[in-house]
Amino acid sequence: MMRDAAFYFANLGADVSRCIAATKQGNESRYNDSLARAYQTLELLHKTARPEAYEEGLLMLRGLAIARATPEKLASFQTSLDSLIGAFSAHLVT
């Protein structure tokens, strides 16, 4: 059964949240595992044929890279990510 875009978008957000947590803990192995899972989820999201969700997912991962390069921005990025996941997932359901 193919899941819908809202499901994969929310899961991608969870994957990115795990990346943030791993970064804060300095756990590079866990970060790499979570990032690999995020890219797998992004590919599944792409297959839902909702290009706006896929584009937001790409931006989410780009934002993670920027926030990770500037650790003092991680908390702010997490807050923005949490808001985005809820709002955009709800948009995808409609």
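These numbers come from a predicted model, not from an experiment. (Residues numbered from 1 in each chain as written. Predicted model: local features only at pLDDT ≥ 70, side-chain atom pairs only at ≥ 80, totals over all residues. Heavy atoms only, no water.)

## Description of the pattern of salt bridges
- Summed over the entire model, instances satisfying the criterion amount to four salt bridges.
- A salt bridge links Asp 15 to Arg 18; the shortest N-O distance between them is 2.4 Å. Residue Asp 15 and its partner Arg 18 are located together in helix α1 (residues 5-25), separated by three residues, close to a single helical turn.
- For Asp 15, a relative accessible area of 3% translates into the label buried.
- A salt bridge links Glu 28 to Arg 68; the shortest N-O distance between them is 2.6 Å. With a gap of 40 residues between them, Glu 28 in helix α2 (residues 28-46) and Arg 68 in helix α3 (residues 51-69) connect regions that are remote in the sequence.
- A network of salt bridges, in which partner residues are shared, links Asp 15, Arg 18 and Arg 37. (Salt bridge = Lys/Arg side-chain N within 4 Å of Asp/Glu carboxyl O. Helix = DSSP H or I, 4+ residues; strand = E, 2+ residues; numbered from the N terminus. Buried < 20%, exposed > 50% of the residue type's maximum accessible area, 1.4 Å probe, protein only.)

## Some details on α1
- Helix length check: α1 (21 residues) gives 30 Å between terminal C-alpha atoms against 30 Å at 1.5 Å per residue, within 8%.
- Following α1 by one or two positions, Gly 26 has its phi on the positive side, about 70°. (Expected span 1.5 Å × (residues − 1).)

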